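# Coordinate analysis (summary)
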Amino acid sequence: MLIKKYTSNWIKNFADLKREIENGLNGLKCHIEHVGSTSIPNLDSKPIIDIDIIYDNESEFEKIKSGLIKIGYYHNGNQGIEKREVFKRDGNSSNGILDSIPHHLYVCPKNSESLERHILMRNFLRKNDWARLKYQEMKYELAEKANQNKKLYAELKELNVNEFIDEIIKKEKTNAQQRV
């Protein structure tokens with residue numbers, strides 16, 4: 001089954017991954033966030049932890065990249081999304097945690113639109129049960145349409161869920177502006 005029932009293990013998995021990554025980055029100035037569906041309590045999801053490493057100054061990216069390479073990642077470019085760099089395990093080094101917990105790793109400057117979308121969406125779904133339940137229902141429907149095929153599911157999700165996400169982002173930005 002592509003979508004798994006929510007488990008609090010995802011929070012522990014993120015904490016374990018974060019610790020290993022922080023150790024590898026050896027005190028570099030950055031912030032690590034758990035984003036994506038596994039970061040939202042009670043949201044069923046694909047069991048893959050999404051992680052954003054956030055930095056302030058452009059000069060910090062190369063240091064972060066170098067630290068990640070040392071612990072067994074390779075830089076896979078931005079995959080078509082500006083200000084969001086993708087890192088994947090290289091398969092050449094071994095780490096019991098980094099190699100055993102499925103995860104996606106992104107490195108973003110603090111002014112990244114992709115990062116902003118991740119954070120706004122996560123926070124909105126954490127605060128609004130109706131939206132979390134609707135999003136979950138959409139995910140199950142898409143998984144069924146995709147016949148549990150990961151690649152097809154990702155394509156369908158990109159096509160069908162973006163409108164829902166865009167509405168949430170718009171609401172969150174409006175709410176943030178009203179609070180200022």
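Residues numbered from 1 in each chain as written. Predicted model: local features only at pLDDT ≥ 70, side-chain atom pairs only at ≥ 80, totals over all residues. Heavy atoms only, no water.

## Observations concerning the side chain of threonine 38
Looking at the secondary structure, you find threonine 38 in the loop between strand 1 (31-35) and strand 2 (49-55). Among the polar contacts listed, one links the side chain of threonine 38 to the side chain of histidine 34, at a separation of 2.9 Å. With sequence-adjacent residues up to four places away left out, threonine 38 is seen in contact with Tyr6, Trp10, Ile11, Ser45, Lys46, Ile48, Ile49 and Asp50. (Helix = DSSP H or I, 4+ residues; strand = E, 2+ residues; numbered from the N terminus. Polar contact = N/O pair within 3.5 Å; in protein donor to acceptor, adjacent residues only side chain to side chain. Contact = heavy atoms within 4.5 Å.)

## With respect to the pairing of strand 2
Burial analysis of strand 2 places seven of its seven residues in the buried class, the great majority of the element. Along strand 2, one buried face is formed by Ile49, Ile51, Ile53 and Tyr55 and the opposite face, lined by Asp50, Asp52 and Ile54, is buried too. With five bridges joining them, strand 1 and strand 2 adopt antiparallel strand pairing. In the strand pairing of strand 2, glutamate 33 is matched with aspartate 52. Pairing of strand 2 with strand 5 (residues 103-109) involves seven bridges; the strand directions are parallel. (Buried < 20%, exposed > 50% of the residue type's maximum accessible area, 1.4 Å probe, protein only. Pairing = 2+ DSSP bridges.)

## So, helix 2 (residues 59-70)
Among the residues making up helix 2, those that are buried are Glu60, Phe61, Ile64, Gly67 and Leu68. Taken down its axis, helix 2 places every buried residue within 130 degrees of arc, on the same side. For helix 2, exposure combined with an orientation more than 90 degrees from the buried face picks out Ser59, Lys63 and Lys70. Residues of helix 2 that are buried in the fold lie against helix 1 (9-25), strand 2, strand 3 (73-75), strand 4 (85-89) and strand 5. Backbone geometry just after helix 2 places glycine 72 at a positive phi near 100 degrees. (Arc of directions from axis to C-beta.)

## Some words on unusual backbone geometry
You will see that asparagine 42, though not glycine, has its phi angle at about 70 degrees, which is positive. As for its position among the elements, asparagine 42 is in the loop between strand 1 and strand 2. Using a relative accessible area of 48% as the deciding quantity, one classes asparagine 42 as partly exposed.

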